[in-house]
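# Chain and residue survey
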Amino acid sequence: KIILISLSLSIFTFFYFFFIRSGRRKSGVAARLPPGPYPLPIIGSIFKLGGKPHHSLAALSKTYGPLMSLKLGNRTTIVVSSPEIAQEFFSKHDISFSSRTIPYAGHTHDRHKISMVWLPVGDQWRTLRRISKEHLFSIRQLDSSQLLRKKKVQQLLDFVQDCCDSGRTVNIGETAATTTLNVLSNFIFSVDLAEYDSRSSQEFKDLVWRLMVIGGTPNLADFFPVLRPLDPHGLLRKANLYTSKVLAIFERHIGKRLQERSTGSPASNKDLLGLLLDISETEESSISLDVIRHLISDLFLAGTDTTSSTLEWAMAELIQSPEKMSKARSELEEVIGKEDRTFQESDISRLPYLQAVVKETLRMHPPVPFLVPHKAVTDVDVKGYVIPQDAQILCNLWAMGQDSSVWPDALRFEPERFLEVGIDYKGSNFELIPFGAGRRMCPGLPLADRMLHLMLGSLIYKFDWKIEGGILDMSDKFGFTLQKKLPLMAIPVKV
Ligand code: HEM
């Protein structure tokens with residue numbers, strides 16, 4: 001018996017050292033994963049995530065450090081929770097982490113092969129990014145569409161004025177989402193696709209909202225690919241259904257425009273659709289009508305909820321701190337004047353306190369708390385650890401924003417902290433990267449930046465805000481974006 005046991009042990013030791021240990025050594029880098037909780041067989045550490053993974057992973061990284069690894073089902077996940085390590089990933093080794101882990105529901109309509117959000121860095125992705133940079137979000141393009149945003153924000157103010165006159169509360173997040181959707185739909189198609197009145201039929205708004213809910217719902221098929229054929233929560237089926245409907249809406253607009261172009265009388269050719277169709281008609285273009293539909297889809301899905309939930313958090317923080325609300329309003333009155341001039345985008349650069357409010361909101365409530373998950377393209381050595389090829393990278397922006405070694409008094413809403421330091425969110429200050437950094441950084445930042453300041457400034461310049469009961473619940477809810485758990489319902493009062 002003893003001989004048999006010793007023999008088995010020797011064989012085990014042999015296999016362990018020669019196959020397992022040596023198998024983990026690749027290309028000369030020490031095959032040592034960053035520290036992390038010990039995984040259970042099959043499920044790994046999935047049970048540690050809970051309903052608020054940004055909170056639970058922040059707590060775990062206090063034990064294991066700002067570069068942590070854990071197994072989620074069969075997926076090796078690396079969690080980054082400090083500016084220093086974030087810089088290693090998205091500056092020093094940016095190209096090696098520029099791919100995406102694609103959720104199963106992201107395979108709907110082959111979006112993983114066509115959407116800018118999911119494509120790996122390659123020719124097609126570069127073409128889409130170049131089009132976005134040159135034709136959507138360049139300073140020239142944004143300056144020339146200023147009037148459109150001014151008009152849409154005026155409609156927002158008219159709606160709030162109606163609520164004020166009739167003593168109705170305003171659902172701030174939903175109202176901001178309507179404005180953002182209409183800014184985008186006019187920019188793209190020259191039409192409104194959403195209405196403020198919640199009683200009217202809201203097919204498009206509802207579909208965008210449903211797709212965002214799917215995007216934020218955890219899916220077992222993402223952790224256990226073997227379950228994919230079963231589509232355990234029916235998320236892919238739902239994503240297929242809603243995406244078909246959204247694409248059909250775009251199809252109608254594209255079809256109508258093509259018909260107008262063929263008769264030589266397009267009602268509008270100066271919007272993004274006109275421009276994309278021009279590009280698609282050039283000989284060497286790789287932009288098909290299908291690519292156009294998915295690009296438009298990306299803009300609505302990535303741009304709406306992110307912008308509206310940031311505005312909702314900013315308003316909630318200011319309503320909670322009336323002295324900061326008055327400070328922001330006084331600055332607006334000083335720069336714009338008290339008479340009835342409207343707030344314009346050209347005023348933003350003269351409003352340092354308003355800018356600080358937006359920064360502080362994005363620090364405390366990053367709308368995309370883990371960035372859109374990146375993926376390691378090859379094995380990479382970071383700080384003496386190996387990040388294995390195909391590992392999923394989550395950068396916990398929420399944890400970084402709460403870290404008192406980075407931000408003194410981190411739990412307090414204190415816009416003043418940004419008045420003295422030149423920290424910005426444009427991707428070079430790794431303490432504050434709500435839009436990401438490096439190649440995959442949000443291309444919509446220049447538009448989001450203008451929209452956030454314009455909507456927030458207009459809402460607080462024209463109105464004072466109260467809430468029923470006077471106390472706000474500030475807890476958050478994890479999803480496609482980090483939202484307020486309870487929607488902010490606020491009462492506008494004429495200033
Ligand atoms: C990607 C944040 C608004 C379009 C991203 C990413 C973040 C982000 C964190 C992922 C970066 C990464 O993975 O490293 C935000 C925030 C916004 C906002 C905080 C507003 C407050 C917008 C707007 C648009 C937009 C208005 C367009 C209309 C996109 C697209 C991507 C993206 C297309 C994917 C880029 C790629 O994978 O190459 N955004 N975003 N975003 N965003 Fe935004």
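Below you will find a few notes about this structure. All figures in this text were calculated on a predicted structure; none of them were measured in a lab.

Rules behind the numbers
- Residues numbered from 1 in each chain as written.
- Predicted model: local features only at pLDDT ≥ 70, side-chain atom pairs only at ≥ 80, totals over all residues.
- Heavy atoms only, no water.
- Pairing = 2+ DSSP bridges.
- Helix = DSSP H or I, 4+ residues; strand = E, 2+ residues; numbered from the N terminus.
- 1 Å grid on protein atoms, 1.4 Å probe; cavity = no way out; pocket = protein on both sides within 12 Å on 5 of 7 lines; lining within 4 Å.
- Points joined across faces, edges and corners; volume = space filled by probe spheres on them.
- Nonpolar A, V, L, I, M, F, W, Y, C, P; charged D, E, K, R; others polar.
- Expected span 1.5 Å × (residues − 1).
- Buried < 20%, exposed > 50% of the residue type's maximum accessible area, 1.4 Å probe, protein only.
- Arc of directions from axis to C-beta.
- Contact = heavy atoms within 4.5 Å.
- Near = heavy atom within 4 Å.
- Polar contact = N/O pair within 3.5 Å; in protein donor to acceptor, adjacent residues only side chain to side chain.
- Axes fitted to C-alpha atoms, helices over the stretch in contact; angles between N-to-C directions.

### Observations regarding the sheet that holds strand S4 (residues 170–171)
Read across the open sheet, the three strands follow the order S4-S12-S9; overall the sheet is antiparallel. Each of the sheet's edge strands pairs with one partner strand only, and the pair in question is S4 and strand S9 (463–466). Alignment of S9 against strand S12 (residues 489–494), held across four bridges, turns out to be antiparallel. Of the residues in S12, the one forming a bridge with Trp 465 is Pro 492.

### Let's talk about empty space enclosed by the protein
Where empty space is left in the structure can be found by rolling a water-sized probe over the atoms. Following the criterion strictly, the structure yields three cavities of 30 Å³ or more and no others. Secondary-structure elements contributing two or more residues to the lining of the largest cavity are helix H14 (352–364) and helix H15 (397–402). Per element, the largest residue contribution to the lining of the largest cavity is three residues, and it comes from H15. Taken together, the residues of the lining of the largest cavity break down into seven nonpolar, one polar and two charged. There is about 40 Å³ of room inside the second largest cavity. As for the second largest cavity, its lining consists of Leu 156, Val 160, Val 170, Ile 172, Thr 175, Ala 176, Leu 311, Met 455, Leu 459 and Trp 465. If you list the elements that add at least two residues to the lining of the second largest cavity, you get helix H6 (146–166), helix H7 (172–189) and helix H17 (445–462). With three residues, the single largest contributor to the lining of the second largest cavity is H7.

### Regarding H6
For H6, built from 21 residues, the straight-helix expectation of 30 Å at 1.5 Å per residue is met to within 8% by its first-to-last C-alpha distance of 31 Å. Within H6 the residues assigned to the buried category are Arg 149, Lys 152, Val 153, Leu 156, Leu 157, Phe 159, Val 160, Cys 163 and Cys 164. For H6, the buried positions fall inside an angular range of 155° around the axis, keeping them on one side. Residues Leu 147, Lys 151 and Asp 165 are exposed on H6 and point more than 90 degrees away from its buried face. Looking at the buried residues of H6, the elements they touch are helix H5 (139–144), S4, H7, H17, S9 and S12. Gly 167 sits one or two residues past H6 and shows a positive phi near 70°.

### Points about the site of the ligand
Around the ligand lies a shell of 26 residues, among which Arg 100, Trp 125, Arg 129, His 374 and Cys 442 are the nearest. Contact between the ligand and Arg 100: an oxygen atom at 2.7 Å from a side-chain N or O atom of the residue. One of the side-chain N or O atoms of His 374 is found 2.8 Å from an oxygen atom in the ligand. Contributing elements (two or more residues each) for the shell around the ligand: helix H4 (123–136), helix H12 (289–320) and H17. For the shell around the ligand, the element with the highest residue contribution is H12, accounting for six residues. For the shell around the ligand, the per-class residue count stands at 17 nonpolar, six polar and three charged.

### Brief notes about the sheet that holds strand S3 (residues 99–100)
The pairing of strands in a sheet happens through backbone hydrogen bonds and is either parallel or antiparallel. An order of S1-S2-S8-S5-S3 is seen for the five strands of this open sheet, with the pairing classed as mixed. What marks the edges here is a single partner per strand, and that holds for strand S1 (67–72) and S3. Bridge count for S1 against strand S2 (residues 75–80) is six bridges, and the pairing is antiparallel. Across the sheet, residue Lys 71 finds its bridge partner in S2, namely Thr 76. Against the sheet, helix H2 (residues 53–64) engages S1, S2 and strand S8 (392–395), with an angle of about 125° to S1.

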